[in-house]
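Residues per chain are reported as follows:
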Amino acid sequence: DGSKVPRTCPTKVELPGRATAVSAGWYHSLALLESGEVLTWGFNTPDKTGFRTSGIPTPVLRHSIAQISAGGVHSLALTTTGILLAWGGNEKGQLGDASTEMQTTPIPIANHITHCSAGSYHSLATDNGNHVLVWGFHTYALPGEGGDAMCRVEWRPQTVPLDVDTFAFWSVSAGGGHSL
(Lines give C-alpha, C1' and ligand atoms only; values in the text may rest on other atoms or scores of the structure.)
Protein backbone atom coordinates (compact mmCIF):
# COMPACT_ATOMS: atom_id res chain seq x y z
CA ASP A 1 0.00 0.00 0.00
CA GLY A 2 3.07 2.25 -0.23
CA SER A 3 3.65 2.56 3.51
CA LYS A 4 6.03 0.87 5.93
CA VAL A 5 3.36 0.48 8.61
CA PRO A 6 2.77 -3.11 9.80
CA ARG A 7 -0.77 -4.27 8.99
CA THR A 8 -2.93 -6.64 11.01
CA CYS A 9 -5.70 -6.75 8.39
CA PRO A 10 -5.53 -7.46 4.65
CA THR A 11 -4.56 -4.34 2.68
CA LYS A 12 -5.00 -3.73 -1.02
CA VAL A 13 -1.78 -3.55 -3.03
CA GLU A 14 -1.97 -1.47 -6.20
CA LEU A 15 -0.36 -3.24 -9.14
CA PRO A 16 0.11 -1.96 -12.71
CA GLY A 17 -1.67 -5.01 -14.13
CA ARG A 18 -3.51 -8.21 -13.22
CA ALA A 19 -1.53 -10.61 -11.01
CA THR A 20 -1.61 -14.28 -11.99
CA ALA A 21 0.51 -15.42 -9.02
CA VAL A 22 1.83 -14.07 -5.72
CA SER A 23 4.40 -15.40 -3.27
CA ALA A 24 5.40 -14.31 0.25
CA GLY A 25 8.91 -14.54 1.73
CA TRP A 26 9.99 -13.65 5.24
CA TYR A 27 9.90 -9.89 4.69
CA HIS A 28 9.15 -9.46 1.01
CA SER A 29 6.47 -10.28 -1.53
CA LEU A 30 6.43 -11.08 -5.25
CA ALA A 31 3.72 -10.71 -7.86
CA LEU A 32 3.71 -12.17 -11.37
CA LEU A 33 1.64 -10.09 -13.78
CA GLU A 34 -0.20 -11.38 -16.86
CA SER A 35 2.45 -9.61 -18.95
CA GLY A 36 5.16 -11.88 -17.48
CA GLU A 37 6.64 -9.02 -15.44
CA VAL A 38 7.68 -9.71 -11.82
CA LEU A 39 7.24 -7.10 -9.10
CA THR A 40 8.70 -7.15 -5.59
CA TRP A 41 8.08 -5.12 -2.45
CA GLY A 42 9.09 -5.29 1.18
CA PHE A 43 12.62 -5.73 2.53
CA ASN A 44 13.99 -7.60 -0.49
CA THR A 45 13.61 -4.88 -3.13
CA PRO A 46 16.92 -4.65 -5.05
CA ASP A 47 18.64 -1.42 -6.03
CA LYS A 48 22.16 -0.51 -7.16
CA THR A 49 23.61 -0.63 -3.64
CA GLY A 50 21.96 -3.80 -2.42
CA PHE A 51 18.47 -4.21 -1.03
CA ARG A 52 16.13 -1.66 0.40
CA THR A 53 12.73 -1.68 2.01
CA SER A 54 9.97 -0.50 -0.27
CA GLY A 55 6.22 -0.48 0.25
CA ILE A 56 5.72 0.09 -3.47
CA PRO A 57 5.79 -2.85 -5.93
CA THR A 58 8.96 -2.45 -7.99
CA PRO A 59 9.72 -4.24 -11.28
CA VAL A 60 12.58 -6.73 -10.98
CA LEU A 61 12.05 -8.82 -14.13
CA ARG A 62 10.48 -8.00 -17.48
CA HIS A 63 10.78 -11.44 -19.10
CA SER A 64 8.29 -14.13 -19.95
CA ILE A 65 8.02 -15.64 -16.48
CA ALA A 66 5.91 -18.74 -15.77
CA GLN A 67 6.39 -19.12 -11.99
CA ILE A 68 7.69 -17.20 -8.97
CA SER A 69 8.70 -18.24 -5.45
CA ALA A 70 9.75 -16.00 -2.54
CA GLY A 71 12.05 -17.62 0.02
CA GLY A 72 13.42 -16.40 3.32
CA VAL A 73 15.56 -13.63 1.85
CA HIS A 74 15.86 -14.77 -1.76
CA SER A 75 13.59 -15.20 -4.76
CA LEU A 76 13.27 -17.54 -7.73
CA ALA A 77 11.61 -17.04 -11.10
CA LEU A 78 11.13 -19.65 -13.81
CA THR A 79 10.98 -18.47 -17.41
CA THR A 80 8.55 -19.92 -19.93
CA THR A 81 11.56 -21.59 -21.61
CA GLY A 82 12.65 -23.45 -18.44
CA ILE A 83 15.49 -21.19 -17.29
CA LEU A 84 15.60 -20.72 -13.52
CA LEU A 85 16.60 -17.26 -12.28
CA ALA A 86 17.58 -16.36 -8.69
CA TRP A 87 18.34 -13.19 -6.73
CA GLY A 88 18.53 -11.90 -3.18
CA GLY A 89 20.35 -13.02 -0.04
CA ASN A 90 22.78 -15.90 -0.44
CA GLU A 91 24.52 -16.45 2.90
CA LYS A 92 23.78 -20.20 2.85
CA GLY A 93 24.17 -20.78 -0.89
CA GLN A 94 20.41 -20.66 -1.53
CA LEU A 95 20.86 -18.99 -4.93
CA GLY A 96 22.84 -21.94 -6.30
CA ASP A 97 25.59 -19.86 -7.92
CA ALA A 98 28.49 -21.45 -5.95
CA SER A 99 28.96 -18.34 -3.80
CA THR A 100 27.61 -16.57 -0.74
CA GLU A 101 27.39 -13.21 -2.51
CA MET A 102 24.08 -11.37 -2.53
CA GLN A 103 22.68 -10.83 -6.02
CA THR A 104 20.67 -7.67 -6.65
CA THR A 105 19.69 -8.72 -10.16
CA PRO A 106 18.32 -12.10 -11.27
CA ILE A 107 20.99 -14.54 -12.48
CA PRO A 108 20.50 -17.83 -14.38
CA ILE A 109 20.96 -20.94 -12.22
CA ALA A 110 19.69 -23.93 -14.21
CA ASN A 111 18.04 -24.94 -17.48
CA HIS A 112 15.28 -27.42 -18.32
CA ILE A 113 13.44 -26.66 -15.06
CA THR A 114 9.71 -27.38 -14.77
CA HIS A 115 8.94 -26.15 -11.22
CA CYS A 116 10.75 -24.29 -8.42
CA SER A 117 10.34 -23.44 -4.74
CA ALA A 118 12.39 -21.14 -2.49
CA GLY A 119 12.66 -22.08 1.20
CA SER A 120 14.28 -20.32 4.12
CA TYR A 121 17.90 -21.14 3.25
CA HIS A 122 17.49 -23.70 0.47
CA SER A 123 15.80 -24.05 -2.88
CA LEU A 124 14.21 -26.91 -4.79
CA ALA A 125 13.37 -27.53 -8.43
CA THR A 126 12.17 -30.28 -10.72
CA ASP A 127 13.57 -30.72 -14.19
CA ASN A 128 12.26 -32.22 -17.40
CA GLY A 129 14.21 -35.44 -16.66
CA ASN A 130 11.98 -36.15 -13.63
CA HIS A 131 14.71 -35.21 -11.14
CA VAL A 132 14.36 -33.23 -7.93
CA LEU A 133 17.20 -30.73 -7.42
CA VAL A 134 18.26 -29.08 -4.15
CA TRP A 135 20.78 -26.38 -3.26
CA GLY A 136 21.61 -24.16 -0.30
CA PHE A 137 21.54 -25.23 3.35
CA HIS A 138 19.24 -28.20 3.81
CA THR A 139 18.78 -31.38 5.75
CA TYR A 140 17.84 -34.70 4.23
CA ALA A 141 18.35 -38.38 4.78
CA LEU A 142 19.60 -40.49 1.91
CA PRO A 143 17.75 -43.71 1.12
CA GLY A 144 19.50 -46.65 2.79
CA GLU A 145 21.24 -44.51 5.41
CA GLY A 146 18.81 -45.47 8.16
CA GLY A 147 16.84 -42.25 8.05
CA ASP A 148 19.39 -40.10 9.90
CA ALA A 149 19.27 -36.58 8.50
CA MET A 150 22.46 -34.95 7.33
CA CYS A 151 22.97 -31.17 7.27
CA ARG A 152 24.48 -30.13 3.97
CA VAL A 153 25.27 -27.06 1.95
CA GLU A 154 25.04 -27.56 -1.79
CA TRP A 155 26.56 -24.63 -3.68
CA ARG A 156 25.06 -25.66 -7.02
CA PRO A 157 21.83 -27.54 -7.81
CA GLN A 158 22.31 -31.25 -7.00
CA THR A 159 20.04 -34.17 -7.83
CA VAL A 160 18.35 -35.61 -4.75
CA PRO A 161 18.86 -39.40 -4.74
CA LEU A 162 15.31 -40.74 -4.69
CA ASP A 163 14.14 -44.29 -5.25
CA VAL A 164 10.82 -43.37 -6.84
CA ASP A 165 11.14 -43.70 -10.60
CA THR A 166 7.57 -44.92 -11.02
CA PHE A 167 5.89 -41.52 -11.13
CA ALA A 168 6.57 -38.01 -12.40
CA PHE A 169 7.33 -35.07 -10.12
CA TRP A 170 5.29 -32.03 -11.04
CA SER A 171 5.75 -29.94 -7.90
CA VAL A 172 8.07 -29.45 -4.93
CA SER A 173 7.82 -27.17 -1.92
CA ALA A 174 10.72 -25.87 0.18
CA GLY A 175 9.81 -24.93 3.75
CA GLY A 176 11.73 -23.52 6.67
CA GLY A 177 13.32 -26.79 7.77
CA HIS A 178 11.71 -29.40 5.57
CA SER A 179 10.73 -30.06 1.97
CA LEU A 180 7.87 -31.76 0.16
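Throughout, a residue's number is its position along its own chain's written sequence, starting from 1. Two thresholds apply to this predicted model, a pLDDT of at least 70 for residue-level local features and 80 or more for giving and counting side-chain atom pairs, whereas whole-chain, interface and lining totals are computed over all residues. No hydrogens and no water enter the side-chain calculation; it runs on all heavy atoms of the structure.

Across its full length, the protein chain holds zero helices and 12 strands. By definition, any uninterrupted DSSP run of H or I lasting at least four residues is a helix, any uninterrupted run of E lasting at least two residues is a strand, and each is numbered from the N terminus. Its helices and strands in sequence order give the protein chain the pattern β-β-β-β-β-β-β-β-β-β-β-β, from N to C terminus. For every residue, the accessible area obtained with a 1.4 Å probe (protein chains only) is divided by the maximum for its type, and the residue is called buried under 20%, exposed over 50%, and partly exposed between those limits. Within the span of the protein chain, comprising 180 residues, buried residues form 46% of the whole. Two residues qualify as a contact provided that any one of their heavy atoms is within 4.5 Å of a heavy atom in the partner residue. Taking the contacts inside the protein chain whose residues are at least 6 apart along the sequence as the reference set, 44% of them involve residues at least 24 apart. About 9,500 Å² of surface is accessible on the protein chain, with carbon and sulfur atoms providing 55% of the total. Areas reported as accessible are Shrake-Rupley estimates using a 1.4 Å probe. Residue values count occlusion only from the protein chains shown.

Among the six residues of strand E6 (residues 74-79), six are classified as buried, and the element is accordingly described as predominantly covered. Sheet topology places strand E5 (residues 65-70) next to E6; five bridges connect them, and they run antiparallel. Bridge pairing links Gln67 to Leu78 in E6. What makes two strands pair is DSSP finding at least two bridges between them. Two successive antiparallel strands, E5 and E6, enclose a turn made up of three residues. For E6 and strand E7 (residues 84-88), the ladder comprises five bridges, and the chain directions are antiparallel. Residue pairing in the sheet places Ser75 in a bridge with Trp87 of E7. Between the antiparallel neighbours E6 and E7 lie four residues, among them Gly82 with a positive phi of about 90°.

A separate point is the nonpolar core. One recurring pattern in soluble globular proteins: nonpolar side chains tend to sit buried together. Buried residues of nine kinds, namely Ala, Val, Leu, Ile, Met, Phe, Trp, Tyr and Cys, make up a nonpolar core once their side-chain atoms join them within 4.5 Å. Leu76, Leu84 and Ile113 are the most contacted members of the largest nonpolar core, which totals 14 residues. Broken down by secondary-structure element, the contributors of at least two residues to this core are E6, E7, strand E8 (103-110), strand E9 (113-118) and strand E11 (132-140). Ignoring sequence-local partners within four residues, the contact set of Ile113 consists of Leu78, Gly82, Leu84, Ala125, Thr126, Asp127 and Leu133. In terms of nonpolar packing, the next biggest core, distinct from the first, is built from 11 residues, Leu32, Val38, Val60 and Trp87 among them.

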